[in-house]
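Listed here are the chains, written in short residue letters.
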Amino acid sequence: MPRFLKGRAGKEPAVLVSDPRFEGWETVGTFEDRKTAVAWRDQLRALGVDASCVADRPLDQFGRGDIYVVVAPEQWSRANEIVENLD
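Conventions we followed
Residues numbered from 1 in each chain as written. Predicted model: local features only at pLDDT ≥ 70, side-chain atom pairs only at ≥ 80, totals over all residues. Heavy atoms only, no water. Core = buried A, V, L, I, M, F, W, Y, C linked by side-chain atoms within 4.5 Å. Buried < 20%, exposed > 50% of the residue type's maximum accessible area, 1.4 Å probe, protein only. Helix = DSSP H or I, 4+ residues; strand = E, 2+ residues; numbered from the N terminus. Contact = heavy atoms within 4.5 Å. 1 Å grid on protein atoms, 1.4 Å probe; cavity = no way out; pocket = protein on both sides within 12 Å on 5 of 7 lines; lining within 4 Å. Points joined across faces, edges and corners; volume = space filled by probe spheres on them. Nonpolar A, V, L, I, M, F, W, Y, C, P; charged D, E, K, R; others polar. Phe/Tyr/Trp six-rings, centres within 6.5 Å; stacked < 30°, edge-to-face > 60°. Pairing = 2+ DSSP bridges. Axes fitted to C-alpha atoms, helices over the stretch in contact; angles between N-to-C directions. Salt bridge = Lys/Arg side-chain N within 4 Å of Asp/Glu carboxyl O.

Student: I'd like a description of the nonpolar core, backed by residues and values.
Tutor: Core analysis: the biggest nonpolar cluster contains 17 residues, and Val28, Leu44, Cys53, Val69 and Val71 have the highest contact counts within it. When contributions to this core are tallied by element, the ones reaching two or more residues are strand 2 (26-33), helix 1 (34-46), strand 3 (51-55), strand 4 (64-71) and helix 2 (76-86). Discounting chain neighbours no more than four positions away, the residues touching Leu44 are Val28, Val49, Ala51, Val69, Val71, Ala79, Ile82 and Val83. Core analysis: the next-biggest nonpolar cluster, separate from the first, contains 6 residues, Leu16, Val54, Val70 and Ala72 among them.

Here it is, written out as structure tokens:
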């Protein structure tokens, strides 16, 4: 996991909104609800991929919105293979 993410999992929200640290990261999935997006993110993390959930705008009161599961650019190929096999 990148140094800036270590030890912060309990302090940060499950979906980060407009976080500049993730500009340039690659999208491997787009979801409409927080629960599903976080489940996919967690699957990638369990397999050793640096993954996060991000959104351009805050989610609504039900945890819905445009949520992107993103990975570090150098891990996109591996993450994409994993996602394709999880479908």
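Student: Can you break down the side chain of Arg41 residue by residue, with the values?
Tutor: Structurally, the position occupied by Arg41 is in helix 1. Among residues more than four places away in sequence, those in contact with Arg41 are Ala14, Ala51, Ser52, Cys53 and Val69.

Student: Any chance you could break down the layout of surface pockets for me, citing the residues and the numbers?
Tutor: In this approach the atoms are scanned with a rolling probe the size of a water molecule, which exposes any empty space left behind. Of the volumes computed, that of the largest pocket is approximately 170 Å³. Looking at the largest pocket, the residues that line it are Ser18, Asp19, Phe22, Glu23, Gly24, Trp25, Thr27, Val54, Ala55, Asp56, Tyr68 and Val70. Listing elements by their share of the lining of the largest pocket, those giving two or more residues are strand 3 and strand 4. Looking at the lining of the largest pocket residue by residue, the class counts come to 6 nonpolar, 3 polar and 3 charged.

Student: Account for the packing of aromatic side chains, with residues named and values stated.
Tutor: Both the distance between ring centres and the angle between the ring planes are used here to describe each pair of aromatic rings. A full pass over the atoms with the stated rule returns 2 aromatic pairs. Taking the centre distance of 5.6 Å and the plane angle of 35 degrees together, the rings of Phe31 and Trp40 count as tilted. What makes Trp40 partly exposed here is its relative accessible area of 21%.

Student: Which residues make up the sheet that holds strand 1 (residues 15-17), and what values do they have?
Tutor: Pairing is mixed across the open sheet formed by 4 strands, whose spatial order is 1-3-4-2. The outermost strands of the open sheet, each flanked by one partner alone, are strand 1 and strand 2. In this sheet, adjacent strand axes meet at a mean angle of 35 degrees when their direction is disregarded. Most of the contacts of helix 1 go to strand 2, to which it runs at about 145 degrees, and overall it touches strand 1, strand 2, strand 3 and strand 4. Against the sheet, helix 2 touches strand 2 and strand 4, its axis set at about 45 degrees to strand 2.

Student: An account of unusual backbone geometry is needed here, citing residue identities and associated values.
Tutor: Even without being a glycine, Ser18 presents a positive backbone phi close to 50 degrees. With respect to the helices, strands and loops of the structure, Ser18 is situated in the loop between strand 1 and strand 2.

Student: Tell me about the pattern of salt bridges, and name the residues and values.
Tutor: Pairs may arise between side chains of opposite charge once their charged atoms sit close together. A complete count under the given rule lists 4 salt bridges for this structure. For Arg64, the salt bridge identified is with Asp60, shortest N-O distance 3.2 Å. You can call Asp60 partly exposed: its relative accessible area is 34%. Sharing partners across several salt bridges, the network here consists of Glu12, Asp19 and Arg21.

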